[in-house]
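# Survey of secondary and tertiary structure
Below are the chains, spelled out letter by letter.
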Amino acid sequence: MSQALLCIDNLKVAYPHQRDSDSLQWAVNGVSLTLQRGEKLGLVGESGCGKSTIGRAVMRLLPPVSRVNGKVMFEDKSVLDFTPTQMRQFRGEAVALVFQDPMTRLDPLMTIGKHCMETLKVHQPQLSEREIRDKAIATLAAVKIPENRWHQYPHEFSGGMRQRVAIALALMLDPKLIIADEPTTSLDVTVAAQILKELTRLCRERDMALLLISHDLALVGEYCDRIGVMHNGELVETGCSQTVFQQPQHEYTRSLLQAALHIHADVGVGKESRGAEGAERATTNNQQPSANNQLPITNYQLPILKITDLKQYYSLERNFIERLFKAEDQTIKAVDGINLELFPGEILGLVGESGCGKSTLSRTILQLIRPTAGKVEWQGTELTTLSRQDLRLCRRQMQMIFQDPHACLNPVMTVGQNIAEPLFIHQLASATEVKEQVMAMLKRVGLVPPDNYYNRYPSELSGGQQQRVAIARALITRPKLIICDEPVSMLDASIQAQVLDLMLELKREFDLTYLFITHDLWVARFLCDRIAVMNGGQIVEINTTQAVFDHPQHPYTQTLLQAAPLLGSGK
């Protein structure tokens, strides 16, 4: 066997706030692993287990006063002993890191093209301006970013598109090792498959190694040669991917697989968990689509939400040169003629690739952005014509759960204040009644005892706990419709299963209707009665969940299903 590319020996990491050496708590505790050239190693485990800390320790990107013990060897050289000059060459040229949140990697004041040019100029100054541009354009094309978006800024890209840019920047210098920290969390299955296939192809062709940090067990199982399972800062199990999945040795590995299989189980399992009411509705609605591909529901049932020919167009601002040579503005049709009906008590899944218009559609439904054309009717009331005051009354009955709970919760307000805010905005309770209602809601979403959470801040909670707070905040006004925009995509498998089960329980208890936006097809299959597939701003297919999975009609739907990794499928 050739010399290991990366060797980590008895690595221990403790963070700055842990200053008392007598009671030191290690975020990473005695981890040892090796990575060969061209090898793909997946690192899985729940949030807070130390996966990302290992990646940052290899890159020496930990806070300055962190305590680090052990050895990190790259090509038989000690990374922990590198000088600042050696580290500048090491980062990017030898090892590249892809972060989970692309906005931490991208400068909001720089265009995408400038990001690429700057990276190449710093590390490869011998290249001409033309060579730099050609290489940058080719790398962006590899992650499906067209050249006509060269002059745009990060805020003009969707979350998934920004992640593609971050991955392109990591590939720009042809490193020997890529550390990918949840690189496809915000990407749809087709783009995730494209990017991971590209990464694995590069590993084979260039002897480039990949350390893939992820909470998606199916993804890791499909693309990695070996798997390491982290728990409480320790590496509790390693082995060949197939062996770990089929014959897990550690109890924690078995619990992780059990949680993931709960979601990836056969469609009947998920439906069964909803109870008689949900199963009856799914059976009632299981009819053939009509000519316009809209699934007919029972005649006596009126839609709670009706969208008619909804459009949301954006014009790209042209630069000076484009203004000289182009007569027309470029238009992005984020939502292009959507017709959709949502019925009381239903869970409708909205799936599609990043940038297809899912999130734009949800924000247009709530009138957070006004549509270019079309109608949005809420219980027979046309929302697009309402005044701000009348719209606020309707919004009380329509709430939203966002993808990133940390970003949607006010960091300077306590958990109790965050949940109580909608009650004050809509004047639904007196000051004395608010705390009682908030405490009851905390208890209902599983944050018990509520006294332990009421006065804490969002930053003091885990990702799963933050999402429970976001759910409590959405439910506090007793809405009829909740729009869920990727609410579990940033959670690990065990927490994801808990949150989805909680959402099903709350749906029954509060008689909720869900519009569930996701790029995870298996989550959609587990949760939803019907699925609408979006592509290019349009709904290309809509049917019952079982029909979409068993007999997909549109070529794009078929592509999505083929790209989605299924745990234990042996793909």
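So, a few notes on the structure that sits alongside this text. (Residues numbered from 1 in each chain as written. Predicted model: local features only at pLDDT ≥ 70, side-chain atom pairs only at ≥ 80, totals over all residues. Heavy atoms only, no water.)

### Observations regarding the overall build of the chain
Helix and strand counts for the chain stand at 23 helices and 20 strands. By the burial criterion, 52% of the 571 residues in the chain qualify as buried. Taking the contacts inside the chain whose residues are at least 6 apart along the sequence as the reference set, 70% of them involve residues at least 24 apart. Total accessible area computed for the chain in this model is approximately 25600 Å², and 48% of it derives from carbon and sulfur atoms. (Helix = DSSP H or I, 4+ residues; strand = E, 2+ residues; numbered from the N terminus. Buried < 20%, exposed > 50% of the residue type's maximum accessible area, 1.4 Å probe, protein only. Contact = heavy atoms within 4.5 Å. Areas by Shrake-Rupley, 256 points an atom, 1.4 Å probe, with all protein chains shown as cover.)

### As for the sheet that holds strand S19 (residues 530–535)
Sheet strands pair by backbone hydrogen bonding; their relative direction is either parallel or antiparallel. Ordered by their spatial adjacency, six strands build an open sheet running S16-S17-S18-S13-S19-S20, and the pairing between neighbours is mixed. What marks the edges here is a single partner per strand, and that holds for strand S16 (398–401) and strand S20 (538–544). Strand after strand, the sheet turns through a mean of 20° between neighbouring axes, direction not considered. In the packing of helix H19 (residues 463–475) onto the sheet, contacts are made with S16 and strand S17 (481–485), and the angle to S16 comes to roughly 175°. Those strands touched by helix H23 (residues 555–563) are strand S13 (347–351), S19 and S20, and its axis lies near 105° from that of S19. (Pairing = 2+ DSSP bridges. Axes fitted to C-alpha atoms, helices over the stretch in contact; angles between N-to-C directions.)

### What about unusual backbone geometry?
Note the cis peptide between valine 448 and proline 449, where omega equals -10°. Relative to the helices and strands, proline 449 resides in the loop between helix H17 (431–444) and helix H18 (451–454). Of note in the backbone geometry, arginine 60 takes a positive phi value of approximately 55° without being a glycine. Mapping arginine 60 onto the fold places it in the loop between helix H1 (51–59) and strand S4 (67–74).

### Description of the packing of H19 against helix H20 (residues 493–510)
Running from N to C, H19 and H20 cross one another at 15°; their axes reach a closest spacing of 11 Å. As judged from the angle between their axes, H19 and H20 are roughly parallel. Crossing of H19 over H20 shows right-handed handedness. Note on element contacts: H20 touches H19 through Ile495, Gln498, Val499, Leu502, Met503, Leu506 and Phe510, opposite Gly464, Arg468, Ile471 and Leu475. A class-by-class count of the residues in the contact of H19 with H20 yields eight nonpolar, two polar and one charged. (Parallel < 35°, antiparallel > 145°, perpendicular 65-115°, else oblique. Left-handed = near helix turned anticlockwise from the far one by under 90°. Nonpolar A, V, L, I, M, F, W, Y, C, P; charged D, E, K, R; others polar.)

### Notes on helix H4 (residues 129–142)
End to end, H4 covers 20 Å across 14 residues, agreeing with the expected 20 Å (1.5 Å per residue, within 8%). Every buried residue of H4 is accounted for by Ile132, Ala136, Ile137, Thr139 and Leu140. Buried residues of H4, seen end-on, are gathered within an arc of 165° and therefore sit on one face of the element. (Expected span 1.5 Å × (residues − 1). Arc of directions from axis to C-beta.)

### Thoughts on helix H3 (residues 112–123)
Compared with an ideal rise of 1.5 Å per residue, which puts twelve residues at 16 Å, H3 spans 18 Å between its outermost C-alpha atoms and is within 8% of the ideal. Along H3, the residues that are buried comprise Ile112, Gly113, His115, Cys116, Met117, Thr119 and Leu120.

### Quick word on the side chain of histidine 115
In this structure, histidine 115 sits in helix H3. Among all residues touching histidine 115, those that are not within four sequence positions of it are Leu106, Asp107, Met110, Pro154 and Leu169.

### A word on the state of the cysteines
In the structure shown here, the tally under the stated rule is zero disulfides. Unpaired in this structure, cysteine 528 has its nearest cysteine sulfur neighbour in cysteine 484, at a distance of 9.0 Å. (Disulfide = S-S within 2.5 Å.)

### Here we look at the pattern of salt bridges
Under the criterion given, the structure shown has 14 salt bridges. In this structure, aspartate 485 engages arginine 363 in a salt bridge whose closest nitrogen and oxygen atoms are separated by 3.1 Å. Remark: arginine 363 occurs in helix H13 (residues 358–365) and aspartate 485 occurs in strand S17; sequence separation between them is 122 residues. Judged by relative accessible area, aspartate 485 falls into the buried class, the value being 5%. What makes arginine 363 partly exposed here is its relative accessible area of 27%. Glutamate 509 is the partner of arginine 444 in a salt bridge, and the nearest nitrogen-oxygen pair spans 2.4 Å. Highlighted residues: arginine 444 in helix H17 and glutamate 509 in helix H20, separated in sequence by 65 residues. In this structure glutamate 509 comes out as partly exposed when scored by relative accessible area, which is 46%. Residues joined in a network through salt bridges with shared partners are Arg37, Glu75 and Lys176. (Salt bridge = Lys/Arg side-chain N within 4 Å of Asp/Glu carboxyl O.)

### Considering the packing of aromatic side chains
This structure, assessed with the given rule, holds three aromatic pairs. Taken together, a centroid distance of 5.3 Å and an interplanar angle of 80° make the contact between phenylalanine 74 and phenylalanine 90 edge-to-face. Here the residue phenylalanine 74 occupies a position in strand S4, and phenylalanine 90 occupies one in helix H2 (residues 84–94), the gap between them amounting to 16 residues. The same class applies to phenylalanine 74 and to phenylalanine 90, which are both buried. Classification of phenylalanine 90 by relative accessible area gives buried; the value is 4%. Of the aromatic side chains, those joined through ring pairs into one cluster are Phe74, Phe82 and Phe90. Over the aromatic face of tryptophan 150 sits the side chain of arginine 133, whose NZ or CZ is 4.6 Å from the ring centroid. Its end group placed over the ring of tyrosine 454, lysine 435 keeps NZ or CZ at 5.0 Å from the ring centre. (Phe/Tyr/Trp six-rings, centres within 6.5 Å; stacked < 30°, edge-to-face > 60°. Lys NZ or Arg CZ within 6 Å of the ring centre and 35° of its normal.)

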